[in-house]
Amino acid sequence: RITERKTFMKKPFVVLLLLAAGLAFGQALKLSKPFSKAAIVALRAINATGWALPSSVHELEARQINAQDRMQDAKQAAESQDDADAFVYLQRYQFRHSQNFADYTNAITRTAHRLKGENTLQRAATIVDKEPKFKVRKKKEMACSAALEKELQSRRFSPPAVCDVY
């Protein structure tokens, strides 16, 4: 009977805890202006690194370095815990973007190995671009990016519904 009472007492506490967490998560974070601006620049730099085959390894490395520099600028611009939370979300977006880009380039490489003749990478990229899996990923990522930028611009940040970053 004592065990039943302890269990009963724990249930309302757990429900209240979950409810409080849900409310906190659902509330929009108020972002500082410097962070908002820096985060938008970082988001644009991240998006510049993918969904197009770079002309060279040096170009890709330069884009990646630029994205990392912009992320560092956004991190330094964070003035509050809300900014820091939004920055963590942006990092998760960057990680998802990197995963998508790695999958995309790996698919191009695999396809290029099966092809013969000249310009195999360019032809492989054309083939991979037509694959439904990558069309869907690209469309989802572009929608997420647009929604994320809009949230950052508004300076009232909450994770966009179209993003499945987590």
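Structural data are supplied above this passage.
Okay, so let's go over this structure. Just so you know, these numbers come straight off a predicted model, no measurement behind them. (Residues numbered from 1 in each chain as written. Predicted model: local features only at pLDDT ≥ 70, side-chain atom pairs only at ≥ 80, totals over all residues. Heavy atoms only, no water.)

Observations regarding the side chain of Glu141
Line of reasoning, step 1. Along the chain, Glu141 falls in helix H6 (residues 132–154).
Line of reasoning, step 2. Buried charge Glu141 goes without a salt bridge, the closest partner of opposite sign being Arg96 at 7.5 Å. (Helix = DSSP H or I, 4+ residues; strand = E, 2+ residues; numbered from the N terminus. Buried < 20%, exposed > 50% of the residue type's maximum accessible area, 1.4 Å probe, protein only. Lys, Arg positive; Asp, Glu negative; His and termini not counted. Salt bridge = Lys/Arg side-chain N within 4 Å of Asp/Glu carboxyl O.)

Observations concerning the nonpolar core
Line of reasoning, step 1. Ranked by internal contacts, the top residues of the largest apolar core, which has 24 residues, are Leu31, Phe35, Leu90, Leu148, Leu152 and Phe157.
Line of reasoning, step 2. Every element with two or more residues in this core is listed here: helix H2 (33–47), helix H3 (57–77), helix H4 (81–114) and H6.
Line of reasoning, step 3. The element contributing the most residues to this core is H2, with 8 residues.
Line of reasoning, step 4. Contacts of Leu148, omitting those with residues within four sequence positions, involve Leu43, Tyr89, Leu90, Tyr93, Phe157 and Pro160.
Line of reasoning, step 5. With 11 residues, the next largest nonpolar core counts Trp51, Leu60, Ala107 and Ala125 among its residues. (Core = buried A, V, L, I, M, F, W, Y, C linked by side-chain atoms within 4.5 Å. Contact = heavy atoms within 4.5 Å.)

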